[in-house]
Amino acid sequence: MQGRLRRLLPAPPPRALLFRALSSSPPPKGGGDGGSGVPVKQVTRGNLAEALDELRVRVREAAFVGLDLEMSGVTSAPWRDTFELDRDDVRYFKLRDSAERFAALQLGVCPFRWDPAKSAFVAHPHNFFIFPRKELSDCPSHEFLCQTTSIDFLAKYQFDFNTCFREGISYLSRAQEKEALQKLNLLHQDQTSASSTTSEGDRDMPLERAADILFTERMKMNFKEWRDVIVSKPDSHLSGNTECVAGQFQTVFFKMRPAIMLNGFSSHQLQLIQQVLRKNFRDLVYVCTFGEDDTSEKRVVYSDTDEDKILLMKDVQEDLLKSREARIKSAIGIRHVIDLLSSERKLIVGHSCILDIAQMYSKFVGPLPSSIKEFALSIHKIFPHIVDTRHLMSVDQAVQKLMKRKSKSLSSAFSFLCPASDSYAMKPSSLSPVKIEVEGDETKSSCFISGAKHEAGYDAYMTGCVFAQLCTYLDIKFEQLSPQDNLATNNKLQKHINFLSPSWNSGTVIDLSSGMERPEPGYMRRYPASVYDNIVLIWGFMSKVRPKEIKDCISKVLGPGSVISVFSIDSTAVLVQFKKPESVNDFLDLKAVLERTDSAISSLHPLSTLLEGGQTRAAKYDTYRDICSSSESKYLFADQAEAVCATSENQLQENVDDNLISGVHQSILDGTVLASVNKGDGTKSGSKNEGDADITCQHILDALHNGRALNGRRMRS
């Protein structure tokens, strides 16, 4: 162990091999101009193999592993943010959109090993740079979005974009690897079948140009001269430098057989050469192989018998298959880290990590499932033990009290729960802090730099530190932990494992083992609890109309207290939650009738503020779900809605039955209404014939109710 470990700071003392994480202050707030003093191993494609060998040992010894991801963006449009009024399926569609559109730029992995002799955790933070370059010729190039606010944020904290883009580690997901291997097997079968069944005459090209005729005759003569030398002097080519009379070819060896390298020929000339060989030389074989850099190498090989020719081509096909399989395996790249974490089944610790997990699934596993339940169950199979420290902060009353009115962000939680050792007296708890040390390797000193906030490796380290401190509030005694113990099996922790917060404002947690959501303890809602059958989506109104005005004009029609809340999606759309579910149909039907009616009511009714301009659209909550699930990508929600709904007009609930609208319109013109009408002030008006000037929105609503009731009776009869 002598000289193996060293803290990587300028001129460190020879015996300072371990860095005590809680012996210095947290990194400076609000800037990236200084490191934390914590050595973080930087991993690029140049040292990936070495880092993986070390990481396998570290993960195998770990009690838990901190995890973090840095991405090129979070949301592709403001309305893609998660809202309190979002249903679980809508939240998942927004999560999936983010994971699929943006790139993972860094992966932070930090194994934490318990050392009983030191009564401390020993951490090994690793920072993996990622860049999705094209590794296989038959795979499409990757495309991803960059959100300018996210890029600016990373740049503020001195993110090394040069290292990321030039030396970042590429990858193949499990699905991409499987597809590549399937393509390879099919190609191998086709090539094997073609070489044994294709008729030689079927592949001949007509020689129409004089240049082609002269070229084929010259090649035929040169190949004959070379072949005759090989046949007449079987031992003369053993030196490897026999040249034919024409001087164009030099003998090389391929699989212990004399051969010629075909360099400098065009693809058309190579086709002509193959035709010459097929028609004139049964003992000369055209062979194409690929070198290590994926460049093709073409040869003509001498094979004296049909049996030897078959054996040669079989060997070539097997070699091609193996080399392509090796290229596919080497292209797996950073996914080796994910496979390692999955196979070791260690406790994975993240902070508000559902987007990190979704990103890892999208990039390293395959296309994200269609539903949140499928996603949760799939993740549970890959990572059977996950803890979200944000959720862990909400399960213990002492922690809730400590964190009251404080930010739940990672840096805030780290600064609050993991203070410097000289500040222990200031810590608002009598619990002893957990000691954590960071281990660095002096023999690989160039791979380490001092970690900083919003670098994935350092954030993974901070996440693990926060988790260790939170465990003390759950009365977990690390002194009783052996080096081989996996914290995932701890009885006091098990009931808090596999619950992820789907978003900071969902008020729920997802149980990964069942795929179901349940309320998050201690969550304080800003808006009334959502009743999705009572919600209407409205978009396309004039931008000057504010949510309060929308609420006021609807309340004038449906009565005071009919609208519980109006939530602004963006400047072009809102979600309106009604008190009663029947108000949803009342509003949608009334809107449709008013937009098709020519009477004075169309311009004088209270909804004119909302309907001004004639572009206002409305639908039930399921249409909002469909819009959010679409692959369309528009910045404004109204544009997104129009793009999605343009081909699905029948889904919009505002398109009520034309016969019903016609009947209501006729009722208005005839002046007939229901016998008992509730007015906004609570009084009732009797049935009578009235002029158009006396018609109100309430009359239209009553006519709609009457029409629906009549239609219902007709259907039942």
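Located above this text is the structure these notes cover.
Residues numbered from 1 in each chain as written. Predicted model: local features only at pLDDT ≥ 70, side-chain atom pairs only at ≥ 80, totals over all residues. Heavy atoms only, no water.

## Here's the deal with helix α14 (residues 410-417)
Since one α-helical turn is 3.6 residues long, residues separated by three or four positions face the same way. Along α14, the positions that sit buried rather than exposed are L410, A413, F414, F416 and L417. Those residues of α14 that are buried lie in contact with α12 (389-395), α13 (397-402) and α15 (456-473). Residue S409 occupies the N-cap position of α14, its side-chain oxygen lying 3.3 Å from the main-chain nitrogen of S412. (Buried < 20%, exposed > 50% of the residue type's maximum accessible area, 1.4 Å probe, protein only. Helix = DSSP H or I, 4+ residues; strand = E, 2+ residues; numbered from the N terminus. Contact = heavy atoms within 4.5 Å. Polar contact = N/O pair within 3.5 Å; in protein donor to acceptor, adjacent residues only side chain to side chain.)

## Structural notes on the environment of T82
Relative to the elements of secondary structure, T82 occurs in the loop between β3 (64-71) and α2 (88-101). If we skip the residues at most four places from it in the chain, T82 touches R91, K94, S503 and N505.

## Some thoughts on the nonpolar core
Membership of the largest hydrophobic core comes to 48 residues, with the highest contact counts inside it found for L107, F128 and F375. Listing elements by their share of this core, those giving two or more residues are α1 (48-61), β3, α2, β4 (104-115), α9 (335-344), α10 (354-364) and α11 (372-382). A total of seven residues in this core trace back to one element, the largest contributor, which is α10. Every residue in contact with L107, bar those within four places of it in the chain, is listed here: L67, D68, L69, H126, N127, F128, I130, I334, V337, I338, M360 and A456. One finds L347, V387, Y461 and L493 within the second-largest nonpolar core, a separate group that totals 45 residues. (Core = buried A, V, L, I, M, F, W, Y, C linked by side-chain atoms within 4.5 Å.)

## Notes on the sheet that holds strand β16 (residues 508-511)
Pairing in this open sheet of three strands is antiparallel, and the strands run β15-β16-β17 from one edge to the other. Strands with a single pairing partner mark the edges of an open sheet, and in this sheet they are β15 (499-500) and β17 (516-519). With four bridges joining them, β16 and β17 adopt antiparallel strand pairing. Within β17, the position partnered with I510 by the bridge is E517. (Pairing = 2+ DSSP bridges.)

## Things to note about the packing of α10 against α11
Interhelical geometry of α10 versus α11 gives an angle of 80° and a closest axis separation of 11 Å. In terms of orientation, α10 lies roughly perpendicular with respect to α11. Contacts between α10 and α11 involve I354, I357, A358 and Y361 from the first element and F375, S378, I379 and I382 from the second. Looking at the contact of α10 with α11, its residues break down into seven nonpolar, one polar and no charged. (Axes fitted to C-alpha atoms, helices over the stretch in contact; angles between N-to-C directions. Parallel < 35°, antiparallel > 145°, perpendicular 65-115°, else oblique. Nonpolar A, V, L, I, M, F, W, Y, C, P; charged D, E, K, R; others polar.)

## Brief notes about unusual backbone geometry
A positive phi angle is found at M256, which is not glycine, with a value near 65°. Turning to its location among the elements, M256 is positioned in the loop between β7 (251-254) and β8 (257-261). The phi dihedral of S352 is positive, around 45°, even though this residue is not glycine. Structurally, S352 is set in the loop between β11 (348-350) and α10. A relative accessible area of 31% means that S352 is categorised as partly exposed.

## Overview of the environment of S371
Inspection of the secondary structure assignment puts S371 in the loop between α10 and α11. The class for S371 is partly exposed, based on a relative accessible area of 24%. Note: C-alpha distance between S371 and Y92 (279 residues apart in sequence) is 7.2 Å.

## Considering the packing of α1 against α9
Think of two packed helices as two axes; the pair is described by the angle between the axes and how far apart they sit. One way to put it is that α1 packs onto α9 with a least axis distance of 10 Å and a crossing angle of 20°. What the angle tells us is that α1 and α9 run roughly parallel. The hand of the α1/α9 crossing is right-handed. Between α1 and α9, the residues in contact are L52, L55, R56, V59 and R60 and H336, V337, L340, L341 and E344, respectively. In terms of residue class, the contact of α1 with α9 is made up of six nonpolar, one polar and three charged. (Left-handed = near helix turned anticlockwise from the far one by under 90°.)

## Here's the deal with the sheet that holds β7
Judged by pairing direction, the sheet is antiparallel, and its four strands sit side by side in the order β7-β8-β10-β9 without closing on themselves. The open sheet has two edge strands, β7 and β9 (284-290), and neither has a second partner. Strand-to-strand twist in this sheet, taken as the mean axis angle between neighbours without regard to direction, amounts to 45°. Packing of helix α7 (residues 267-280) onto the sheet brings it into contact with β9 and β10 (296-302), and relative to β9 it is tilted by some 145°. Together, β7, β8, β9 and β10 form the strand contacts of helix α8 (residues 306-330), whose direction differs from that of β9 by roughly 10°.

## A few points about the side chain of D511
Tracing the backbone through its elements, the reader meets D511 in strand β16. Those residues in contact with D511 that lie beyond four places of it in its chain are A376, N498, F499 and M516.

## Notes on the packing of aromatic side chains
Evaluated as defined, the whole model comprises 29 aromatic pairs. On the basis of an interplanar angle of 10° and a centroid distance of 6.4 Å, the ring pair of F112 and Y461 is categorised as stacked. In this pair, F112 sits in strand β4 while Y461 sits in helix α15, placing the two residues 349 residues apart along the sequence. By relative accessible area, which is 0% here, F112 ends up buried. Looking at Y461, the relative accessible area reads 0%, which means it is buried. (Phe/Tyr/Trp six-rings, centres within 6.5 Å; stacked < 30°, edge-to-face > 60°.)

## Some points on the pattern of salt bridges
Tallied over the entire structure, the rule returns 37 salt bridges. Its salt-bridge partner being R209, residue D212 comes within 3.1 Å of it at the nearest N-O pair. Looking at D212, the relative accessible area reads 8%, which means it is buried. A salt bridge links D308 to R257; the nearest nitrogen and oxygen atoms lie 2.7 Å apart. With D308 in helix α8 and R257 in strand β8, the pair connects residues that are 51 residues apart, well separated along the chain. Each of K41, E50, E54, R58, E61, R113, D115 and E439 takes part in salt bridges that share partners, so that together they form one network. (Salt bridge = Lys/Arg side-chain N within 4 Å of Asp/Glu carboxyl O.)

## Some remarks on the pairing of β16
Neither face of β16 is exposed, since T508 and I510 on one face and V509 and D511 on the opposite face are all buried. Taking the residues that link successive antiparallel strands as the turn, the β16-β17 hairpin has four residues, and the phi of G515 there is positive, at about 80°.

## Quick look at the pairing of strand β6 (residues 126-129)
Where burial is concerned, the two faces of β6 agree: the one with H126 and F128 and the one with N127 and F129 are both buried. As defined by bridge partners, strand β2 (residues 39-43) adjoins β6 across three bridges and the pair is classed as parallel. In the sheet register, Q42 faces β6, and the bridge partner there is N127. Alignment of β4 against β6, held across four bridges, turns out to be antiparallel. Across the sheet, residue Q106 finds its bridge partner in β6, namely F129.

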